[in-house]
Amino acid sequence: PLPRAAFAIIANATLGEEYELSLVFCGNALSQKLNKTYRDKDYPTNVLSFPITKKSGEIFINLSKLGEFSVVELFIHGLFHLDGMQHGRKMEEAEKALLHESKRRRWY
C-alpha cells in the first residue's frame, strides 16, 4: 500500500508551485524498459526521473524495487534529480533535510 503522503506539497517545496510533475508508479517491466532506453542499463531500478522542460518532468517509482527505501524517500530522491542535483553528499544532506521536514510537518 502507498503511504498517505502529500506528494504535491513535497514537490512544491522542492521544485516550486509552477513546476508540472507527473508521478508514475510502475513495476519491473516498465522500469527496465525505461532504464534500458534512456540510460542504456538493462535492469529494473527503483526510481527514474525525466526532466521534460525547465518547469516540467516525470518521476517513475518501481514499487517492486523499494528495498530499504520508502516511496517518499524515492520520490524525494527523484525530485532532487529533477532539480539538477547529482549523487553525492550535498544531495544526501538535502534529501535527509526534506525527509525530516516532511515528517515534522506530517506530510507523510
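Use the structure listed above.
Remember, predicted model here, so these are calculated numbers, not experimental data.

Undergrad: Before we move on, can you summarise the overall build of the chain with the specific residues and values?
TA: Per the secondary structure count, the chain includes four helices and three strands. Along the chain, helices and strands appear, N-terminal first, in the series α-β-α-β-β-α-α. For 108 residues, the compact-globule estimate of 2.2 N^0.38 gives 13 Å, and the C-alpha radius of gyration of the chain, at 13 Å, lies within 12% of that figure. Across its three principal axes, the chain shows a C-alpha extent of roughly 40 × 30 × 25 Å. Across the 108 residues in the chain, those meeting the buried criterion constitute 37%.

Undergrad: I'd like a rundown of the pairing of strand β3 (residues 56-62), residues and numbers included.
TA: The buried count for β3 comes to six of seven residues, which makes it a mostly enclosed element. As paired strands, strand β1 (residues 20-26) and β3 are joined by seven bridges and run parallel to one another. Residue pairing for β3: V24 is matched across the bridge by F60. Relative to β3, strand β2 (residues 47-53) runs antiparallel, the two sharing six bridges. Across the sheet, L48 pairs through a bridge with F60, a residue of β3. Between the end of β2 and the start of β3, which pair antiparallel, lie two residues.

Undergrad: With reference to specific residues and values, describe the pattern of salt bridges.
TA: Taken as a whole and assessed by the stated rule, the structure comprises four salt bridges. The partner of E93 in a salt bridge is R89, and the shortest N-O contact between them spans 2.9 Å. Here R89 and E93 lie together in helix α4 (residues 89-104), a separation of four residues that amounts to about one turn. Residue classification places E93 among the partly exposed residues on the basis of a relative accessible area of 46%. Residues participating in the shared-partner salt-bridge network are E101, R104 and R105.

Undergrad: So what's going on with the nonpolar core? Which residues, and what values?
TA: Of all hydrophobic cores here, the largest spans 22 residues; its most connected members are I10, I59, I61, F75, I76 and L79. When residues of this core are traced back to their parent elements, those giving at least two are α1 (7-15), β3, α3 (71-82) and α4. By residue number, the principal contributor to this core is α3, which donates eight residues. Aside from chain neighbours lying at most four places away, what touches L79 is I10, A11, T14, L15, L21 and I59. In this structure, C26, L34, L48 and F50 belong to the second largest nonpolar core, which totals five residues.

What counts, and where the lines are drawn
- Residues numbered from 1 in each chain as written.
- Predicted model: local features only at pLDDT ≥ 70, side-chain atom pairs only at ≥ 80, totals over all residues.
- Heavy atoms only, no water.
- Helix = DSSP H or I, 4+ residues; strand = E, 2+ residues; numbered from the N terminus.
- Rg over C-alpha atoms; globule rule 2.2 N^0.38 Å.
- Buried < 20%, exposed > 50% of the residue type's maximum accessible area, 1.4 Å probe, protein only.
- Pairing = 2+ DSSP bridges.
- Salt bridge = Lys/Arg side-chain N within 4 Å of Asp/Glu carboxyl O.
- Core = buried A, V, L, I, M, F, W, Y, C linked by side-chain atoms within 4.5 Å.
- Contact = heavy atoms within 4.5 Å.

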